[in-house]
Amino acid sequence: MNRQAIAPLSRREATCCLLPFAMIVLLGYLTVGLPLAILPVYVHDYLGFGPMIVGWVMASQSIATLLTRQFSGFMADTRGSRLAVFNGMLLCSLSALLYAVSLWNHGLPKIALLLLFAGRAVLGFGESLLITGVLSWSIGQVGMRYAGRAMVWVGISMFSAIGGGAPLGSILLKQSGFGTVALVTAILPLLACVLMQKIEPIPPHNGRKIGFFKVVGLIWPYGVSLALNTIGFGALFAFLGLDYATHHWTGASFGLTAFGAAYVIARLTFGGLPDRLGGQRVARVTIPLQIAGLVILWLAPLQWVAFAGCAILGAGYSLTFPALGVETIRHVPPQNRGAAMGAYVAFVDIGLGLAGPLSGMVVSQFGYPSAFLLGACASIVAFAFVLNLPCVKEPI
């Protein structure tokens with residue numbers, strides 16, 4: 001029996017309980033972060049394929065993640081979150097081994113490319129199991145009272161793995177080659193498997209489970225709002241560098257750093273607010289903050305103004321995810337928590353999938369800054385969704 005079922009945890013105890021989960025996500029998600037900056041170089045420069053193929057290689061992971069969210073939620077609910085996380089880690093490690101086999105076949109570019117696609121698909125499946133399982137498991141450990149805090153720490157670990165993994169992967173590539181990157185990427189999830197053995201498993205709930213699409217029907221207003229808010233985030237990562245170049249500014253990477261730093265600081269400082277105040281109350285503040293950041297980026301006349309817009313957007317988006325997530329899990333029974341988390345996170349995949357083509361169409365007509373205006377408009381629609389939902393007066 002987990003401790004929170006015996007006596008409610010204090011905030012400090014809940015945070016200590018969540019730190020091992022954060023480390024598991026960090027180790028597992030480095031399989032996403034480490035190859036992030038070097039796979040496009042490998043596909044383009046070493047295998048000799050064009051930008052379109054590079055784009056499909058990178059997108060194949062997200063497609064696989066989206067397509068497997070339903071299965072991941074089903075496994076977490078019926079077989080236990082721990083098993084979902086364990087299988088996810090093994091798949092993440094396997095994906096890195098497929099990268100290595102691709103390297104051994106680089107003399108046969110088409111075969112190497114197929115192996116890369118296979119590796120990215122396996123990674124997407126592994127990521128789906130990992131994140132869905134960890135969210136369900138960690139919330140089960142600390143209880144609904146600290147559900148938002150659990151999402152906060154998972155998000156911090158994910159962005160830390162991406163932000164730190166990408167430059168680390170580039171360094172490893174320059175010093176030791178792509179094979180070393182693949183080897184390190186394969187080992188890290190196995191270390192996480194060792195760590196997770198020390199965490200008490202949460203048995204599946206025995207209550208009657210409802211179908212996945214019925215779960216989606218219960219949470220869709222929060223998921224749609226999350227997807228719409230994610231469009232601005234996707235536009236930032238896709239077009240900030242090109243927008244800087246158009247203005248003849250330098251240091252676009254520092255803008256992304258500002259986004260990431262504000263994201264982490266906001267979560268560390270205010271991460272407990274969704275649990276204490278209710279997710280909808282928090283979202284009614286953070287979504288306008290996102291809109292402000294995107295409008296600043298759209299209108300920015302100077303580099304430092306764009307930098308500030310990146311930071312404001314990062315601070316807003318940081319808490320929107322756990323705020324809406326807290327409300328999501330309130331609307332489903334405990335035995336469907338895994339399915340709810342899988343469906344909820346899938347809306348991030350949908351938002352990112354929409355961000356690229358929609359932003360591209362707008363940019364082709366109105367220029368790079370218009371991508372941020374599109375993101376602001378999407379967040380305005382999301383804000384309208386939230387305003388029309390009943391506000392929870394008492395914290396969870």
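Residues numbered from 1 in each chain as written. Predicted model: local features only at pLDDT ≥ 70, side-chain atom pairs only at ≥ 80, totals over all residues. Heavy atoms only, no water.

Colleague: Help me out: how do you make sense of the overall build of the protein chain in this one?
Modeller: Of the regular secondary structure elements, the protein chain holds 15 helices and zero strands. By the compact-globule yardstick of 21 Å for 396 residues, the protein chain fits well, its C-alpha radius of gyration being 20 Å. If you line up the protein chain on its principal axes, its C-alpha atoms span 60 × 50 × 35 Å. Taking the contacts inside the protein chain whose residues are at least 6 apart along the sequence as the reference set, 85% of them involve residues at least 24 apart. Of the charged side chains in the protein chain, 22 are positive and 10 negative, and the gap between their average positions amounts to 5 Å. (Helix = DSSP H or I, 4+ residues; strand = E, 2+ residues; numbered from the N terminus. Rg over C-alpha atoms; globule rule 2.2 N^0.38 Å. Contact = heavy atoms within 4.5 Å. Lys, Arg positive; Asp, Glu negative; His and termini not counted. Charge placed at Lys NZ, Arg CZ, Asp CG, Glu CD.)

Colleague: Quick question: what am I supposed to make of the layout of surface pockets here?
Modeller: One simple way to see leftover space: roll a probe sized like a water molecule over the atoms. By volume, the largest pocket amounts to about 1700 Å³. Those elements that place two or more of their residues in the lining of the largest pocket are helix H2 (11-33), helix H4 (51-78), helix H6 (109-142), helix H7 (147-176), helix H9 (212-246), helix H10 (252-270), helix H13 (303-330) and helix H14 (337-366). Here the element with the most residues in the lining of the largest pocket is H7; it accounts for ten residues. Its residues assigned to classes, the lining of the largest pocket comprises 31 nonpolar, 13 polar and five charged. (1 Å grid on protein atoms, 1.4 Å probe; cavity = no way out; pocket = protein on both sides within 12 Å on 5 of 7 lines; lining within 4 Å. Points joined across faces, edges and corners; volume = space filled by probe spheres on them. Nonpolar A, V, L, I, M, F, W, Y, C, P; charged D, E, K, R; others polar.)

Colleague: How should the packing of helix H3 (residues 39-46) against H6 be read in this particular structure?
Modeller: Axes are the key here: two packed helices are described by the angle between their axes and the distance separating the axes. Two elements in contact, H3 and H6, have axes whose closest approach is 12 Å; the angle formed by their N-to-C orientations is 165 degrees. Taken together, the axes of H3 and H6 are roughly antiparallel relative to one another. Crossing of H3 against H6: the hand is left-handed. Contact residues: Leu39, Tyr42 and Val43 in H3; Ala112, Leu113, Leu116 and Arg120 in H6. Considering only residue class, the contact of H3 with H6 consists of six nonpolar, no polar and one charged. (Axes fitted to C-alpha atoms, helices over the stretch in contact; angles between N-to-C directions. Parallel < 35°, antiparallel > 145°, perpendicular 65-115°, else oblique. Left-handed = near helix turned anticlockwise from the far one by under 90°.)

Colleague: Even after reading the chapter, I still don't get the pattern of salt bridges, so can you show me in this structure?
Modeller: It is possible for side chains of opposite charge to pair when their charged atoms get near one another. As enumerated under the stated definition, the model contains one salt bridge in all. Between Asp349 and Arg69 there is a salt bridge, and its shortest N-O distance comes to 3.0 Å. Of this pair, Asp349 sits in helix H14 while Arg69 sits in helix H4, and the two are 280 residues apart along the sequence. Residue Arg69 is classed as buried on the basis of its relative accessible area, which comes to 2%. (Salt bridge = Lys/Arg side-chain N within 4 Å of Asp/Glu carboxyl O. Buried < 20%, exposed > 50% of the residue type's maximum accessible area, 1.4 Å probe, protein only.)

Colleague: Would you mind going over the packing of aromatic side chains with me for this structure?
Modeller: Centre-to-centre distance and the angle between the planes together describe a pair of aromatic rings. Applying the stated rule across the entire model yields eight aromatic pairs. For the ring pair Trp220 and Phe385, a centre distance of 5.9 Å and an interplane angle of 90 degrees mean the geometry is edge-to-face. Residue Trp220 is found in helix H9, and its partner Phe385 is found in helix H15 (residues 370-387); the two are separated by 165 residues along the sequence. When its relative accessible area of 40% is taken as the criterion, Trp220 is described as partly exposed. (Phe/Tyr/Trp six-rings, centres within 6.5 Å; stacked < 30°, edge-to-face > 60°.)

Colleague: Would you take a moment to explain the environment of Leu218 for this structure?
Modeller: With respect to the helices and strands, Leu218 occurs in helix H9. If we ignore the near neighbours within four places in the chain, the residues touching Leu218 are Ile210, His331 and Val332.

Colleague: Any chance you could explain the environment of Thr257 here in plain terms?
Modeller: Within the secondary structure, Thr257 is located in helix H10. Along the primary structure Thr257 and Gly163 are separated by 94 residues, whereas in three dimensions their C-alpha atoms are 8.1 Å apart.

Colleague: Can you walk me through a nonpolar patch on the surface in this structure?
Modeller: Residues Leu66, Ile350, Leu354, Leu358 and Met361 make up a contiguous nonpolar surface patch of about 390 Å² in total accessible area. With four residues, H14 is the largest single contributor of residues to the nonpolar patch. Structurally, the position occupied by Leu354 is in helix H14. Residue classification places Leu354 among the partly exposed positions, given a relative accessible area of 38%. (Patch = residues over 30% accessible without salt bridge, like charges linked within 9 Å, V, L, I, M, F, W, Y side chains within 5 Å. Areas by Shrake-Rupley, 256 points an atom, 1.4 Å probe, with all protein chains shown as cover.)

Colleague: Would you mind going over the packing of H9 against helix H12 (residues 279-299) with me for this structure?
Modeller: Between H9 and H12, the shortest axis-to-axis distance is 12 Å and the interhelical angle comes to 25 degrees. The orientation of H9 with respect to H12, classified from their angle, is roughly parallel. Here H9 runs over H12; the crossing is left-handed. From H9, Tyr222, Ser225, Asn229, Gly232, Leu236 and Leu240 reach across to H12, where they touch Gln280, Ile287, Gln290, Leu294 and Leu297. Of the residues contributing to the contact of H9 with H12, the split by class is six nonpolar, five polar and no charged.

Colleague: How do you make sense of the confidence of the model for the protein chain when you look at a structure like this?
Modeller: Low-pLDDT stretches of the model should not have their predicted coordinates read in fine detail. Taken residue by residue, the protein chain gives an average pLDDT of 84. The fraction at 70 or more is 94%. Here helix H1 (residues 3-6) stands out as the least confident element of the protein chain, with mean pLDDT 48; H12 is the most confident, with 93. Under a pLDDT of 50 for its full length, residues 1-6 has, in the predicted model, 13 contacts with residues more than four places off or in other chains. Note that residues 392-396 has pLDDT below 50 and, in this model, 15 contacts with residues that lie over four places away or in other chains. (pLDDT = per-residue confidence, 0-100.)

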